[in-house]
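Structure assessment
Chain by chain, the residues run as shown.
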Amino acid sequence: MNCKMLAIMSIISVGVIVASVGEITISWVGVVYQMGGVVAEALRLIFIEIFLKKKGVRLNLISMMYYVSPCSAFCLFIPWLFLEKPKMDASISWNFPPVTLFLNCMCTFVLNLSVFLVISRTSALTARVTGVVRDWSVVLLSAAIFADTKLTFINIVGYAIAIVGVVAYNNHKLKPQVNQQQGADSKVSPGSPRHVEIPLNSTKESS
């Protein structure tokens, strides 16, 4: 953590806030739910990174499913019990189409697997930033496909600010890798003294 990374994350957060304020029909109850979901998602990603990378723990991608999936099911069951189940009971009839349920389960499995893979190769912060990009893609595709989805000027400004933050984050993450690669290339450049190898058994043969 440093001041530059804090500034980049602040830019992305400001962009998301501006885009949320620009909603045509904003619901503050929904905003509170969303903020709680963001905090819970951040904690989930941090714990996944600890389990995947911490020395002495180090679980693989599949074994993480055994722990994350039951916890996710339990955490989703509690709000469903109080928010969704009364509405479903009040309706005339409801059922679970098996094909749709199976496809949803497969999409969730692939999504979790991709998240675990991104965290194992990068970090939880990178996974969260890519989640913001994924949300933009969903919003833009919805605006392009569905006629009742409309973007206001403030929405577009907020997305533009957040995109600037994501670009700055990518540059901040890629610069150390480029510098390390250039440093490694310069150390083992052809013609340098370190590039010349001296056989160890030459002294034995001469003796």
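Every chain's residues receive numbers from 1 upward, in the order its sequence appears when written. Note on the predicted model: pLDDT of at least 70 is required for a residue's local features to be given, and 80 or more for side-chain atom pairs to be given and counted; whole-chain, interface and lining totals, by contrast, use all residues. Side-chain calculation: all heavy atoms of the structure are included, whereas hydrogens and water are not.

**Quick look at the UniProt feature "transmembrane region" (unreviewed entry) in the protein chain**
Selection criterion: UniProt positions are given in the numbering used here, feature names are shortened, and annotations may be inferred rather than shown by experiment. Secondary structure elements are taken from DSSP: a helix is a run of H or I of four residues or more, a strand is a run of E of two residues or more, and numbering for both begins at the N terminus.
Mapped onto this numbering, the UniProt entry annotates "transmembrane region" (unreviewed entry) at residues 32-52, 64-83, 95-119, 131-147 and 153-170. Taken end to end, residues 95-119 comprises 88% helix and 0% strand; its first and last C-alpha atoms sit 36 Å apart. Here residues 153-170 is 100% helix and 0% strand, with 26 Å between the C-alpha atoms at its ends.

**Details of the nonpolar core**
Heads up, the condition is: In plain words, nonpolar cores are sets of buried Ala, Val, Leu, Ile, Met, Phe, Trp, Tyr and Cys residues tied together by side-chain atoms within 4.5 Å. Burial classes: relative accessible area under 20% of the type maximum marks a residue as buried, over 50% as exposed, and values in between as partly exposed (1.4 Å probe, protein chains only). In what follows, a contact means two residues having at least one pair of non-hydrogen atoms within 4.5 Å.
Counting residues in hydrophobic clusters, the biggest one holds 12 residues: Met5, Ile8, Met9, Ile12, Ala19, Val129, Val132, Trp136, Tyr159, Ala162, Val166 and Tyr169. Listed by contribution, the elements that provide at least two residues to this core are α1 (3-21), α5 (124-145) and α6 (153-187). The element that contributes the greatest number of residues to this core is α1, accounting for 5 residues. Excluding anything up to four places from it in sequence, Val132 contacts Ile12 and Val16. Membership of the second largest hydrophobic core comes to 11 residues, among which are Ile48, Val68, Ile119 and Ala124.

**What about the pattern of salt bridges?**
For clarity, the threshold we go by: Any carboxyl oxygen of Asp or Glu that lies within 4 Å of a side-chain nitrogen of Lys or Arg is treated as forming a salt bridge with it.
Taken as a whole and assessed by the stated rule, the structure comprises 2 salt bridges. Between Arg44 and Glu41 there is a salt bridge, and its shortest N-O distance comes to 3.1 Å. Residue Arg44 and its partner Glu41 are both found in helix α2 (residues 28-53); the two are separated by 3 residues, about one turn of the helix. The class of Glu41 is partly exposed, set by a relative accessible area of 24%. For the salt bridge of Lys85 with Asp89, the shortest nitrogen-to-oxygen distance reads 2.9 Å. On the criterion of helical spacing, the pair formed by Lys85 and Asp89 is a turn pair, its members being 4 residues apart in helix α3 (residues 61-90). The partly exposed category is assigned to Lys85, whose relative accessible area is 30%.

**Re the side chain of Asn112**
Counting through the fold element by element, Asn112 comes out in helix α4 (residues 98-121). Aside from chain neighbours lying at most four places away, what touches Asn112 is Arg44 and Met65.

**Some details on the environment of Leu59**
Mapped onto the fold, Leu59 is located in the loop between α2 and α3. Considering only alpha carbons, one finds Leu59 and Ile48, 11 residues apart in sequence, at a separation of 9.2 Å. The residues contacting Leu59, other than those within four sequence positions of it, are Phe51, Leu52, Met64 and Tyr67.

**Structural notes on the packing of α2 against α3**
Packed helix pairs are characterised by how far apart their axes lie and by the angle those axes make with each other. The following threshold applies: Angles here are taken between N-to-C directions and fall from 0 to 180 degrees, while the axes themselves are lines fitted to C-alpha atoms, restricted in helices to the stretch in contact. Between 65 and 115 degrees an angle is taken as roughly perpendicular, under 35 as roughly parallel, over 145 as roughly antiparallel, and anywhere else as oblique. Two helices crossing with the near one rotated counterclockwise from the far one by less than a right angle form a left-handed crossing, whereas a clockwise rotation gives a right-handed crossing.
The geometry of α2 relative to α3 is characterised by a closest axis approach of 11 Å and an angle of 160 degrees between their N-to-C directions. Between α2 and α3, the angle is such that the two are roughly antiparallel. The interaxial crossing formed by α2 with α3 has right-handed handedness. Between α2 and α3, the contacting residues are Tyr33, Arg44, Ile48, Phe51 and Leu52 on the first element and Leu61, Met64, Val68 and Leu83 on the second.

**Focus on the packing of aromatic side chains**
Given two aromatic rings, one states the distance between the centres and the angle between the planes to describe the pair. Test applied: The criterion for an aromatic pair is that two Phe, Tyr or Trp rings (for Trp, the six-membered ring) have centres within 6.5 Å, with stacked assigned to planes under 30 degrees apart, edge-to-face to planes over 60 apart and tilted to the rest.
Under the definition given, this model contains 1 aromatic pair. With a centroid separation of 5.7 Å and 35 degrees between ring planes, the pair formed by Phe77 and Trp80 is classed as tilted. You can see Phe77 and its partner Trp80 sitting in helix α3, 3 residues apart, about one turn around the helix. Under the relative-accessibility criterion, Phe77 is labelled partly exposed at 42%. Note on Trp80: relative accessible area 27%, which makes it partly exposed.

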